[in-house]
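# Topology and contacts: notes
Residue strings, one per chain:
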Amino acid sequence: MTPAFLARLRAEWAPSIPRELLAGAVATFALIPEVIAFSFVAGVDPSVGLFASFVISIVIAFAGGRPAMVSAAAGSVALVAAPLVQSHGLGYLLAAGLLAGAVQVAFGLLRMGVLVRFVSSSVRTGFVNALAVLIFSAQLPHLRGASAATWGLLALGLALIYGLPWLGQRLRVRALTAIPSPLICVVALTLIASTMGLHLPTVADLGRLPDALPLFGLPAVPVSLETLRTIALPALAIAMVGLLESVLTAAVVDEMTDTPSDKNRECAGLGLANIAASCFGGIAGCGMIGQAVGNVKYGGRGRLSTLFAGVFLLILMVALKDWVSRVPVIALVAIMVMVSASTFDWKSLGAVVRHPRLSSAVMIATVAVTLATHNLAAGVGVGVVLSGVFFAFKVARLLGVRAEDDAATGLRTWRVTGQVFFASADAFIDAFDILAAEGRPVRIDVSRAHFWDVTAVAALEKVVQRLRHHGAVVEVVGLNEASAGLVGRLGGGADSAM
């Protein structure tokens, strides 16, 4: 192996091994409460979500296209999976996960990850902000009716998380900046709760933790067309939701690290991870933006942090089960509050006023729909549709048609500028005063226009036919090569007028 290859391998996997391991550990503690909660949403045992998160993290570390990104069992997938579990049981969910993984692999191999380009920055901001609010709201049930000790530990935990790095910088104590403060928070709050004998909810109270390693096995369902019909639509929904969240999470990590990622590889890697998770009895998953943000925030830049997040999760859940079970839930709540605050784009609050109203409307709509449905895919879908509609509206308004008359020859020339397509076709037709050109020679100059689709060609043809019906001799000039080709294939009267 050449030095250049080794340098590239180190940059991709572990620019700094200690930071990668510590950041991965932070991501692990941020995973535990969410994965267990999502397991209950899906209607499966917590071990199903925990095993899935372990397997997905291991596979995606090698097969994914975005270093430092954390993927695991996710809430949006759990929402889609819940009806299938309720109606047919865990076996069919695992079979749906296998099929969803195959769809995601095909999606990546067909290089369809580039579709993220159609997601505007307003939608991405709305996606991030909505997820931050959902992460925060998921912590509120742990605080309802909480005791004074619980609130006190929460305040102490947040003080440790935010205060230790600041104190380390002011006092120049390397240990306080080298060790991620969320890990110190977990250890400190666990020791305080144990030594003071505080009766607080612990991780053990969230659900039964796994007590053995996951075992390989195919889903126990009949291999038949009936099974395929049962799992086909849920599998497609799981695949699309997972792809959407993973690609958008990868885009967020791209921005945080100022580095590119391979979205097609991420799609295929997610599919392989979900296939593996299903074969080890785990629910399908996708990118976890909150945990990915936490990982990057505390130094994760390579694949090692993702790998260690999965390995450390298994170590905690199996080898260190007795210790982890005593960790107070409020310590994990403090971490998730930090993750929520770090995920939210606070600058976007001021940008709502400064940015164009339509862009702000897209962002707000994305957040509103996501919060109303608790479905990130629905929010992003609405945002993408609105972005497309608003863009078409703005481009359509740029269309201009100006009439010029030559008194000597009687020639009327209409000069068209802008884009003619389905959203501007009616305005294009209405811009021509047909009666004013009756019996006169007419020229339609489109040298500064472009015809994009069949609706645009039909509009041009309708104008030409109307003018001819009123006795005008029509000439269309200035069609660029692309527009002329489209008119030639689809047009009739317009083509003959050129």
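Summarised in this report is the structure supplied together with it. (Residues numbered from 1 in each chain as written. Predicted model: local features only at pLDDT ≥ 70, side-chain atom pairs only at ≥ 80, totals over all residues. Heavy atoms only, no water.)

## A short note on the overall build of the protein chain
Under the convention used in this document: Numbering of helices and strands starts at the N terminus; helices are DSSP runs of H or I of at least 4 residues and strands are runs of E of at least 2. Note on classification: 1.4 Å probe, protein chains only; a residue is buried when its accessible area is under 20% of the maximum for its type, exposed when over 50%, partly exposed between these limits. Computed by Shrake-Rupley with a 1.4 Å probe, the accessible areas treat only the displayed protein chains as cover when residues are assessed.
A count of helical and extended segments in the protein chain gives 22 helices and 6 strands. Along the longest, intermediate and shortest principal axes, the C-alpha atoms of the protein chain span 100 × 60 × 60 Å. For the protein chain, buried positions account for 52% of its 498 residues. Of the roughly 22300 Å² that the protein chain leaves accessible, carbon and sulfur atoms contribute 65%.

## Quick look at empty space enclosed by the protein
To be explicit about the condition: Cavities and pockets were defined on a 1 Å grid built from protein atoms only: a cavity is a group of points that admits a 1.4 Å probe but offers it no way out, a pocket is an open group of points flanked by protein on both sides within 12 Å along at least five of seven lines, and a lining residue is one with an atom within 4 Å of any such point. Grid points are joined across faces, edges and corners, and a volume is the space filled by probe spheres set on the points.
The tally for this structure, following the rule as stated, stands at 2 cavities of 30 Å³ or more. Roughly 40 Å³ of volume is contained in the largest cavity. As for the largest cavity, its lining consists of Ile 60, Ala 61, Gly 64, Gly 65, Arg 66, Pro 67, Ala 68, Met 69, Glu 266, Arg 303 and Thr 306. Elements represented by at least two residues in the lining of the largest cavity include exactly helix 3 (46–63) and helix 13 (303–319). Space inside the second largest cavity adds up to approximately 30 Å³.

## Here we look at the pattern of salt bridges
What counts here: A carboxyl oxygen of Asp or Glu within 4 Å of a side-chain nitrogen of Lys or Arg is what we treat as a salt bridge.
This structure, assessed with the given rule, holds 11 salt bridges. A salt bridge links Arg 303 to Glu 12; the shortest N-O distance between them is 2.6 Å. Of this pair, Arg 303 sits in helix 13 while Glu 12 sits in helix 1 (residues 3–13); the two residues are 291 residues apart in sequence, bridging distant segments of the chain. Between Arg 229 and Glu 226 there is a salt bridge, with its nearest N and O atoms 2.9 Å apart.

## Considerations on the packing of helix 7 (residues 148–171) against helix 9 (residues 181–195)
Note the threshold: Every axis corresponds to a line fitted to the C-alpha atoms, with the helix fit spanning only the stretch in contact, and the corresponding angles, defined between N-to-C directions, vary from 0 to 180 degrees. It is the rotation of the near helix from the far one that decides the hand of a crossing: anticlockwise by less than a right angle makes it left-handed, clockwise makes it right-handed. Throughout, a contact is declared for two residues whenever any of their heavy atoms are within 4.5 Å.
Interaxial distance between helix 7 and helix 9 falls to 9 Å at its minimum, and their mutual angle equals 145°. Helix-helix and strand crossings are classified by hand; for helix 7 and helix 9 the assignment is right-handed. Contact with helix 7, carried on its side by Leu 153, Leu 156, Gly 157, Leu 160, Ile 161, Leu 164 and Pro 165, involves Ser 181, Pro 182, Ile 184, Cys 185, Ala 188, Leu 189 and Ile 192 of helix 9 and no other residues of that element.

## Details of a nonpolar patch on the surface
This is how the line gets drawn: Patches draw on residues past 30% relative accessible area with no salt bridge. Two like charges within 9 Å are joined, as are two nonpolar side chains (Val, Leu, Ile, Met, Phe, Trp, Tyr) within 5 Å.
A cluster of nonpolar side chains, namely Val 187, Leu 191, Val 311, Ile 315, Leu 320 and Trp 323, defines an oily patch on the protein surface of about 460 Å² accessible area. Broken down by secondary-structure element, the contributors of at least two residues to the nonpolar patch are helix 9 and helix 13. Here Ile 315 is to be found in helix 13. Assessed through its relative accessible area of 34%, Ile 315 is described here as partly exposed.

## Examining the packing of aromatic side chains
Applied cut-off: Stacked, tilted and edge-to-face are the three classes applied to pairs of Phe, Tyr and Trp rings, where Trp contributes its six-membered ring and a pair requires centres within 6.5 Å; stacked means planes under 30 degrees apart, edge-to-face means over 60, and tilted covers the rest.
As enumerated under the stated definition, the model contains 9 aromatic pairs in all. Relative to Phe 280, the ring of Phe 216 has its centre 5.6 Å away and its plane inclined at 75°; by these criteria the two rings are edge-to-face. With Phe 216 in the loop between helix 9 and helix 10 (225–257) and Phe 280 in the loop between helix 11 (263–279) and strand 2 (286–287), this residue pair connects regions lying 64 residues apart in the sequence. Given a relative accessible area of 58%, Phe 216 falls into the exposed group.

## Concerning the packing of helix 2 (residues 17–42) against helix 3
Defined as follows: To sort the angles, those under 35 degrees are grouped as roughly parallel, those over 145 as roughly antiparallel, those from 65 to 115 as roughly perpendicular, and the leftovers as oblique. When residue character is reported, Ala, Val, Leu, Ile, Met, Phe, Trp, Tyr, Cys and Pro are called nonpolar, Asp, Glu, Lys and Arg charged, and the others, Gly included, polar.
Orientation of helix 2 relative to helix 3, taken along the N-to-C sense of each, is 130°, at an axis distance of 8 Å. Here helix 3 runs oblique to helix 2, going by the angle between their axes. Crossing angle aside, the handedness with which helix 2 passes helix 3 is right-handed. The segment helix 2 lies against helix 3, with Val 35, Ile 36, Ser 39 and Phe 40 engaging Pro 46, Gly 49, Leu 50 and Ser 53. Considering only residue class, the contact of helix 2 with helix 3 consists of 5 nonpolar, 3 polar and no charged.

## Here's the deal with unusual backbone geometry
Unusually for a residue other than glycine, Arg 111 sits at a positive phi of about 60°. Backbone geometry at Asp 258 places phi at a positive 55°, although glycine is not the residue there. Its place among the elements puts Asp 258 in the loop between helix 10 and helix 11. On the basis of relative accessibility, which here comes to 70%, the residue Asp 258 falls in the exposed class.

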